[in-house]
Amino acid sequence: MRVGLLANIKPQIQNQAPRKPDESKRSRSLPRTATFSASYNDIYAEWDAPETIEAVRLALESHPDVEVEVIEAVPDRAIDRLLIKDFDIVFNLAEGFTGSAREAQFPALLEMLEIPYTGSGPLSLAIALDKARTKEILSYHGIPVARFITSDVPITSIRALLPGTDFPFIVKPISEGSSKGIRNSSFVTSLDAMNREIERIAMEYHQPALIEEFLPGREFTVAVLGTGDKARILPIVEINFGELPPEANNIYSFEAKWIYDVAEKPLNIFTCPADISSKLQDEIETVVLRAYEVLECRDWARIDVRLDSRGRANIIEINPLPGILPNPEENSCYPKAARAAGLTYEAMLLSVLKSGCERYGIPFKFEPKHAK
Ligand SMILES: Nc1ncnc2c1ncn2[C@@H]1O[C@H](COP(=O)(O)OP(=O)(O)O)[C@@H](O)[C@H]1O
Ligand SMILES: [Mg+2]
């Protein structure tokens, strides 16, 4: 089976943890849509490092029937290559670059060319990247989410705009992932701080902010594998905020990912499987599978969940293209959950491929070998 591995490859400069902004080193080759402030550091945060793409290629090729060709998901290279239409299926990791529907662009093209591909479709990808739209849809279906407003209107009184709520709030970009724009200062306890954060997001990310009620409880992230009736939950990961330094707010921020958690002194930031009661586990699984179904996710996704002040599981956001760093020490949640389920990195990715093949009726024999 010929598999096209479609991915955005992170430029070398971004291979290490982000560095402090350095005016003198701003590259002229960055696209015009790029922002040139603190976000310069995280502009490619969602893209995959060459080592990750190579690990995915090797994992897929560990199956004797699979032959992989890597396709760089940039228009001038990928479109001509895909037009040849000689792949049985595309393994889609393309994050895209421009526009708020960037993750949906290649899946839409693949549909136009009638090339099968793994993962969610363009509509799900575009909605999931807009955290406000996602929450509107989830709440329509009765799935708990934090109450929110967007900064499209000037925020002069939060209580007038969101009656019944009170500080603290969290302020984040509407359409980003990988902790882009989520800093320790995103947790706000005053109107002034809220407006400063809205301004920062407008300056650095050129988009409105989402102002959400702060969910104060435990936080989990949940990997889902499969589609429809076959979708299953992998062991739940809990984020241990107790590992963060005392000055840090309890959010999984840019600082938590890149500044407090460093290779020389790694934090034990995730517990998997989470130590939770079977009642809470059932509640989280139910809400996650409902969200997965409502957004019509396919093959795989990772969904963030946090408990509100009453202890109820709320959905924070849905990641239909989850991060998949191959090295266990790098603390990547989807592979961590897969390992806890007994799936090797190879078995995890081949299971995603198998789920995709099944949807299109493409014959592909694979039974996961379980890790020790
Ligand atoms: N409404 C909220 N209440 C409490 N914490 C939140 C809320 N929204 C986001 N967070 C915190 O911020 C982190 C990042 O937010 P998230 O929307 O998941 O962004 P990203 O796409 O960067 O992962 C979450 O993991 C959580 O710790
Ligand atoms: Mg998240």
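To be clear, the structure that these remarks concern was listed above.
Keep in mind that what you see is a predicted model, and the values were worked out from it rather than measured.

Rules and cut-offs
Residues numbered from 1 in each chain as written. Chains lettered and ligands numbered in written order. Predicted model: local features only at pLDDT ≥ 70, side-chain atom pairs only at ≥ 80, totals over all residues. Heavy atoms only, no water. Pairing = 2+ DSSP bridges. Helix = DSSP H or I, 4+ residues; strand = E, 2+ residues; numbered from the N terminus. Contact = heavy atoms within 4.5 Å. Axes fitted to C-alpha atoms, helices over the stretch in contact; angles between N-to-C directions. Near = heavy atom within 4 Å. Polar contact = N/O pair within 3.5 Å; in protein donor to acceptor, adjacent residues only side chain to side chain. Areas by Shrake-Rupley, 256 points an atom, 1.4 Å probe, with all protein chains shown as cover. Nonpolar A, V, L, I, M, F, W, Y, C, P; charged D, E, K, R; others polar. Domains from an automatic or database assignment. Buried < 20%, exposed > 50% of the residue type's maximum accessible area, 1.4 Å probe, protein only. Expected span 1.5 Å × (residues − 1).

Q: Sorry, what's going on with the sheet that holds strand β5 (residues 169-173) here?
A: Within a sheet, neighbouring strands are paired by backbone hydrogen bonds and run either parallel or antiparallel to one another. The strand order β4-β7-β5-β6 describes an open sheet built from 4 strands, whose pairing is antiparallel. The sheet is open, and its two borders are formed by β4 (148-150) and β6 (187-188), each paired with just one other strand. Strand direction decides the pairing type here: β5 and strand β7 (residues 209-213), joined by 5 bridges, are antiparallel. Following the sheet pairing, Lys-172 is matched in β7 by Leu-210. Against the sheet, helix α5 (residues 131-140) contacts β4, β5 and β7, and its axis sits at roughly 140 degrees relative to β4. Here helix α7 (residues 191-205) sits on the sheet in contact with β5, β6 and β7, set at roughly 10 degrees to β5.

Q: What exactly am I supposed to notice about the site of ligand 1 here?
A: Looking at ligand 1, there are 21 residues lining it, with Lys-172, Ser-179, Glu-212, Leu-215 and Glu-219 nearest. Glu-317 is positioned with one of its side-chain polar atoms (N or O) 2.9 Å from an oxygen atom of ligand 1. Here ligand 1 has 540 Å² of accessible area as a free molecule, and 98% of this is covered by the chains. Looking at the shell around ligand 1, the elements that each hand over two or more residues are β5, β7, β12 (300-307) and β13 (313-319). Residue composition of the shell around ligand 1, grouped by class: 9 nonpolar, 3 polar and 9 charged. The two domains that each donate at least three residues to the shell around ligand 1 are domain 2 (147-213) and domain 3 (219-360).

Q: Just to check I follow, could you spell out the pairing of strand β8 (residues 219-225) for this structure?
A: For a regular strand, side chains alternate in direction, first toward one face of the sheet and then toward the other. Most of β8 sits inside the fold, with 7 of its 7 residues counted as buried. Neither face of β8 is exposed, since Glu-219, Thr-221, Ala-223 and Leu-225 on one face and Phe-220, Val-222 and Val-224 on the opposite face are all buried. Relative to strand β10 (residues 237-239), β8 is paired through 3 bridges, and the arrangement is antiparallel. Paired with Thr-221 across the strands is Val-237, a residue of β10. Bridge analysis of β8 against strand β9 (residues 232-233) gives 2 bridges, and the strand direction is antiparallel. Bridging across to β9, Val-224 finds its partner in Ile-233. Between β8 and β9, which follow one another and run antiparallel, lie 6 residues, and Gly-226 among them has a positive phi close to 110 degrees.

Q: Got a minute to help me understand helix α11 (residues 345-360) in this structure?
A: Since the α-helix turns once every 3.6 residues, residues separated by three or four places project in the same direction. Compared with an ideal rise of 1.5 Å per residue, which puts 16 residues at 22 Å, α11 spans 23 Å between its outermost C-alpha atoms and is within 8% of the ideal. Where burial is concerned, most of α11 is hidden: 12 out of the 16 residues are buried. Residues Tyr-345, Ala-347, Met-348, Leu-349, Leu-350, Ser-351, Val-352, Leu-353, Lys-354, Ser-355, Gly-356 and Cys-357 constitute the buried set of α11. Looking at the buried side of α11, the elements it contacts are β1 (2-7), α1 (50-61), β3 (89-93), β8, β12 and α10 (333-340). Looking one or two residues beyond α11, the residue adopting positive phi is Gly-361, at roughly 70 degrees.

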